[in-house]
Amino acid sequence: MAKWMVYTKKADFRAIAQECGISQVLARLIRNRDIIGVEETRRFLKGNLADLHDPRLLPDMEKAVGILSSRIRDGASVRVIGDYDVDGICASYILMRTLEVCGAKADVVLPDRIRDGYGMNPRMSLDAARDGVGVILTCDNGIAAAEAVRTAKEAGICVVVTDHHEVPFEEDADGTRRYILPPADAVVDPKVRDPQTGETVYPFPEICGAVVAWKLADLLLQELAPDSRSRVLRDLLPFCALATVCDVMPLLDENRILVKKGLEAAASTANIGLRSLLIVNGLEGAKLTVYHAGFVIGPCMNATGRLDSAERALALFLEQDPREALRSAQKLRELNDSRKSLTEQGVDMALKQVSEQHLLDHRVLVIYLPDCHESLAGIIAGRIRERFCRPVFVLTRTEEGLVKGSGRSIEAYDMFASMTAVKDCFVKFGGHKMAAGLSMEETMIRPLQERLEEHCCLREEDLTDVLHIDMELPPGLWTREMTEELSLLDPCGTSNPKPMFVARGIRLHGIRIMGKGRNVLRLEAAGTDGRSLPLIRFQEDGIFREELTEAAGRPAWEALLRGYADIPVSMVYYPQINEWRGRKTLQFVVRDIHY
């Protein structure tokens, strides 16, 4: 059962509401997202592209632009090396489009997930040297590719790294961290720290690789194609939005602005490939949301890198023939359908292993699925983490005999730092606080589990799912106008979640089970004033039944089915406008119930 925590953050909500023209409820919700004061609240509500941070504040950015401008003018060929996920694909497209407009001779290479693993490797450096490449420009990778960068430099190639991942470090006995940058000509990464203070210098370091690439594009276009700058940057905004959402970046500060403006631009995109992807998913002409980016479009792109080649998705965005683009987009959707089926099989195998091997005796779960497709490890790890609220590593066997895997973490566990503490277990690893990738010898699986557990500082309370609740508010107080005002919080997502409210003294009277998977529950209920409340709960009916019968007994479930129950509960919910056949009604989506 999730633990509920209600925010108690303070501010002069009346003054903020008056100054910003919003309700005190909305002012409180914004304060709960650590937005403090009138000016920050205004920027949160009305921020636009002019409010983005100056790209020149990124470490080595001006140096990188200077190098690229000079080499492009000299006629050197540029090779973009990206990555196989949504962020890497979008960042690669942003750079390729920019280099094309700037008149550069450029091509792009994306690593094969199975053959190459993550990011730039020494083989790619040698291939670039053989092909006469003058400049390697990385995106969404490179910060941990010291060996590959060194190989390229020894071959006489200029290397510019753009990335957003954590900088590798070594920790001294006293806990001091020494950060290790690759020996590139320029390293543009918002996570790079000032050697004197140890702090990041960029005002908002939580941007994705595509946004770093977009900011590089901004300055490069100013230098080499100023007349095209505004148009090209606007055309590239949707790819910043997709990457930010799919890489699970916090939707605050400039990320919020980029996602909001990027999704608006995506709905009317001139990119033939992206438009085709919207068409095959039934989204042409729709108002695009974070859900569409993260759960419809993004998975189609990711599926290419998982089951085929990420270059298929990149080629779609570079395609100029509308008919060919539609065929390619349909193929991406079909790949994603296959990925969904394989993922469900993998999750079932993982859950079986957790049960049979008593893995919940450990605070960090290491699950070995040798026959699982290695590209699905991260998705499966995320699903298991959600189920058990523990850091999870899912490992698979590769054709080369190594083990590869992905990790997904919880808020209280710094995955990258924990892996660094046991780095001799790995052949290669990288990532950040909440997610990581790795390769290792099969013989090291058990030692890895033991040493991760040995170094783990998680307490029992850290392993309990926590629902952060904005405020206590009876559902009967909501109006349609109040509910519609909540849309000002959009786009919602990581660090800016949908607002949650708690209500007590609710009484459940009946239930209707709907949906093909029997996972849509219409609950008949009443508030403390006796008025009927339209509740909806998205949960499998079997899980709901188990929770209810455990708390209130089997007769309570039977009574609920027949519509004459009277079960007292507290609930976490959010209000929603439900539109059906042109009629709008207010309903309440239940996120959790305490009996």
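Residues numbered from 1 in each chain as written. Predicted model: local features only at pLDDT ≥ 70, side-chain atom pairs only at ≥ 80, totals over all residues. Heavy atoms only, no water.

As for helix α3 (residues 37-46)
Phase 1: For α3, every residue scored as buried is listed here: Thr41, Phe44 and Leu45. Taken around the axis of α3, the buried residues stretch over an arc of 90°, which confines them to a single face. For α3, the exposed residues set more than 90 degrees away from the buried face come down to Glu39 and Lys46.
Phase 2: Packing partners of the buried residues in α3 comprise α1 (13-20), α2 (24-31) and α10 (253-266). (Buried < 20%, exposed > 50% of the residue type's maximum accessible area, 1.4 Å probe, protein only. Helix = DSSP H or I, 4+ residues; strand = E, 2+ residues; numbered from the N terminus. Arc of directions from axis to C-beta. Contact = heavy atoms within 4.5 Å.)

Focus: the domain arrangement of the chain
Phase 1: Taken domain by domain, the chain holds domain 1 (55-236), domain 2 (358-462) and domain 3 (467-594).
Phase 2: Look at where the C-alpha atoms of domain 2 and domain 3 centre, and you get two points 35 Å apart. (Domains from an automatic or database assignment.)

As for the pattern of salt bridges
Phase 1: In this structure the tally under the stated criterion is 37 salt bridges.
Phase 2: Among the salt bridges present, the one from Glu170 reaches Lys423, with a minimum N-O distance of 3.9 Å. Of the two residues, Glu170 sits in strand β6 (residues 169-171) while Lys423 sits in the loop between α16 (415-421) and β12 (428-431), which places them 253 residues apart along the sequence.
Phase 3: Accessibility expressed as a relative area gives 37% for Lys423, which makes it partly exposed. (Salt bridge = Lys/Arg side-chain N within 4 Å of Asp/Glu carboxyl O.)

Observations regarding the sheet that holds strand β11 (residues 403-408)
Phase 1: The strand order across the open sheet built from 5 strands is β9-β10-β11-β13-β12, with neighbouring strands paired in mixed fashion. The open sheet has two edge strands, β9 (365-368) and β12, and neither has a second partner. Each strand of the sheet is rotated relative to its neighbour by a mean of 15°, with strand direction disregarded.
Phase 2: Taken together, the 4 bridges between β9 and strand β10 (residues 392-397) define a ladder with parallel strand orientation. In the sheet register, Ile367 faces β10, and the bridge partner there is Val394.
Phase 3: Where helix α17 (residues 445-455) meets the sheet, its contacts fall on β9, β10, β11 and β13 (435-440), and the angle it forms with β9 comes to roughly 165°. (Pairing = 2+ DSSP bridges. Axes fitted to C-alpha atoms, helices over the stretch in contact; angles between N-to-C directions.)

Things to note about the sheet that holds strand β5 (residues 158-162)
Phase 1: What the 5 strands build is an open sheet, ordered β3-β2-β4-β5-β8; its pairing is parallel. The outermost strands of the open sheet, each flanked by one partner alone, are β3 (105-109) and β8 (186-188). Taken over all neighbouring pairs, the strand axes of this sheet differ in orientation by 20° on average, direction set aside.
Phase 2: As defined by bridge partners, strand β2 (residues 77-81) adjoins strand β4 (residues 135-138) across 4 bridges and the pair is classed as parallel. Paired with Val80 across the strands is Leu137, a residue of β4.

Topic: the packing of aromatic side chains
Phase 1: Evaluation of the coordinates by the stated rule reveals 12 aromatic pairs.
Phase 2: With a centroid separation of 5.3 Å and an interplanar angle of 20°, the aromatic rings of Tyr291 and Phe295 are classed as stacked. Remark: Phe295 and Tyr291 occur in helix α12 (residues 290-307); sequence separation between them is 4 residues, near one turn of the helix. Phe295 carries the same exposure label as Tyr291, and that label is exposed.
Phase 3: Ring pairs connect the aromatic residues Phe169, Tyr179, Phe416, Phe426 and Phe429, which therefore count as one cluster.
Phase 4: The lysine or arginine in question, Arg177, covers the ring of Phe169, its NZ or CZ lying 4.2 Å from the ring centre.
Phase 5: Directly above the ring of Phe44 sits Arg256, whose terminal nitrogen or CZ lies 3.7 Å from the centroid. (Phe/Tyr/Trp six-rings, centres within 6.5 Å; stacked < 30°, edge-to-face > 60°. Lys NZ or Arg CZ within 6 Å of the ring centre and 35° of its normal.)

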